[in-house]
Amino acid sequence: MGIEEAPSGFLLTTIEDLVGYFRKGSLWPVTFGLACCAIEMMAAGAPRYDLSRFGMEVFRASPRQADLMIVAGRVSQKMAPVVRQVYDQMSEPKWVLSMGVCASSGGMFNNYAIVQGVDHVVPVDIYLTGCPPRPEMLINAILALHDQIQNSPLGVNRAEAAAAAEAAALEATPTSHMTGLLR
Ligand code: SF4
């Protein structure tokens, strides 16, 4: 059925839905790459994968004009303050995508020079596995982030959701108590 054949009348939605819809369709990533994952991120922006289909073709050179940080690559201890400074300069509301195992957990670089997860430095909204994640995987993660943004509450609802998330985080098992491959 074409739009011409739709019954005329009211179009009802909520402010939250509208704001989510506009926000997810106008994400601008900050130009920012740390290691090999950045090559895949650049490929995602090139014509073959065409990130511009999602309104994201403009990687901004200034963090003040960007609202998405894609952490593409391992974060060294030396780079961590710079990552934080770039994040602080981005405009609100803003989101962080941790791309690849190195950014998410330090990956195979389990040593003193590499931050063992960028969430020690900035709050992460979505993690992407892989080494390196393919451009398709990055696009998939961005679409999942779009869903998060679309369903983000506003105002009082947002404060309630943040409080619930904080309570859940406090209840969670600390990573130092988790057993893993290193134990
Ligand atoms: S996850 Fe793999 S591709 Fe990405 S920065 Fe680490 S080593 Fe490089």
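Look a little higher up for the structure.
So, here is what we can say about the structure in this document. Bear in mind the structure is a predicted one, so any value in this text is a computation, not a measurement.

### Quick notes on the nonpolar core
Move 1: Of all hydrophobic cores here, the largest spans 22 residues; its most connected members are Leu68, Ile70, Leu97, Met99 and Leu138.
Move 2: Where this core is concerned, the elements lending two or more residues are α2 (37-45), β1 (68-72), β2 (95-99), β3 (126-128) and α5 (135-150).
Move 3: In this view, Leu138 contacts Met41, Ala44, Ile70, Leu97, Met99 and Leu128; residues no more than four positions away in its chain are not counted.
Move 4: Counting 18 residues, the second-largest nonpolar core is a separate cluster that includes Val75, Tyr87, Val118 and Val122.

### Section: the sheet that holds β2
Move 1: The three strands lie next to each other as β1-β2-β3, forming an open sheet whose pairing is parallel. Here the strands that pair on one side only, and so sit at the sheet edges, are β1 and β3. Taken pair by pair, the neighbouring strands of this sheet meet at an average axis angle of 15 degrees, ignoring direction.
Move 2: Where β2 and β3 come together, three bridges link them in parallel fashion.

### What about unusual backbone geometry?
Move 1: Geometrically, the link from Glu92 to Pro93 is a cis peptide bond, its omega value of -10 degrees lying close to zero.
Move 2: With an omega dihedral of -15 degrees, the bond running from Cys131 to Pro132 counts as a cis peptide bond.
Move 3: Even without a glycine there, the phi angle at Asp50 is positive, about 55 degrees.
Move 4: Here Asp50 is to be found in the loop between α2 and β1.
Move 5: Accessibility expressed as a relative area gives 28% for Asp50, which makes it partly exposed.

### Some points on the pairing of β1
Move 1: Buried residues dominate β1, accounting for five of its five residues.
Move 2: Burial along β1 is two-sided: Leu68, Ile70 and Ala72 facing one way and Met69 and Val71 facing the other are all buried.
Move 3: In this sheet, β2 lies alongside β1 in parallel orientation, the contact comprising five bridges. The residue of β2 that forms the bridge with Ile70 is Leu97.
Move 4: Following the chain from β1 across helix α3 (residues 80-89) to the adjacent parallel β2, one finds a crossover that is right-handed.

### Describing the packing of aromatic side chains
Move 1: What the rule picks out here adds up to one aromatic pair.
Move 2: With a centroid separation of 5.7 Å and an interplanar angle of 70 degrees, the aromatic rings of Tyr21 and Phe22 are classed as edge-to-face.
Move 3: Taking the relative accessible area as the measure of exposure, Phe22 reaches 52% and is therefore exposed.
Move 4: Sitting over the face of the ring of Trp28, Arg60 holds its NZ or CZ atom 4.6 Å from the ring centroid.
Move 5: Lying across the ring of Tyr87, Lys94 places its NZ or CZ 4.4 Å from the centre.

### Some thoughts on the packing of helix α1 (residues 15-24) against α5
The relative placement of two packed helices is expressed as an angle between their axes plus a distance between the axes.
Move 1: The N-to-C vectors of α1 and α5 enclose an angle of 150 degrees; their axes lie 8 Å apart at closest approach. Taken together, α1 and α5 sit at an angle that is classed as roughly antiparallel. Classified by chirality, the crossing of α5 by α1 is right-handed. For the pair α1 and α5, contact is made by Glu16, Asp17, Gly20, Tyr21, Arg23 and Lys24 and by His146, Ile149 and Gln150, respectively.
Move 2: Of the residues contributing to the contact of α1 with α5, the split by class is two nonpolar, three polar and four charged.

### Quick look at the site of the ligand
Move 1: Close to the ligand lie Ala35, Cys36, Cys37, Gly73, Arg74, Val101, Cys102, Gly130, Cys131 and Pro132, which account for all nearby residues.
Move 2: For the shell around the ligand, the residue count by class is seven nonpolar, two polar and one charged.

### Topic: a nonpolar patch on the surface
Move 1: Together, Leu18, Tyr21 and Phe22 make up an exposed nonpolar region whose accessible area comes to about 330 Å².
Move 2: Its location among the elements puts Phe22 in helix α1.

What counts and what doesn't
Residues numbered from 1 in each chain as written. Predicted model: local features only at pLDDT ≥ 70, side-chain atom pairs only at ≥ 80, totals over all residues. Heavy atoms only, no water. Core = buried A, V, L, I, M, F, W, Y, C linked by side-chain atoms within 4.5 Å. Buried < 20%, exposed > 50% of the residue type's maximum accessible area, 1.4 Å probe, protein only. Helix = DSSP H or I, 4+ residues; strand = E, 2+ residues; numbered from the N terminus. Contact = heavy atoms within 4.5 Å. Pairing = 2+ DSSP bridges. Axes fitted to C-alpha atoms, helices over the stretch in contact; angles between N-to-C directions. Right-handed = clockwise from strand over helix to strand, strands pointing away. Phe/Tyr/Trp six-rings, centres within 6.5 Å; stacked < 30°, edge-to-face > 60°. Lys NZ or Arg CZ within 6 Å of the ring centre and 35° of its normal. Parallel < 35°, antiparallel > 145°, perpendicular 65-115°, else oblique. Left-handed = near helix turned anticlockwise from the far one by under 90°. Nonpolar A, V, L, I, M, F, W, Y, C, P; charged D, E, K, R; others polar. Near = heavy atom within 4 Å. Patch = residues over 30% accessible without salt bridge, like charges linked within 9 Å, V, L, I, M, F, W, Y side chains within 5 Å. Areas by Shrake-Rupley, 256 points an atom, 1.4 Å probe, with all protein chains shown as cover. Salt bridge = Lys/Arg side-chain N within 4 Å of Asp/Glu carboxyl O.

Nothing here speaks to function; it is geometry throughout.
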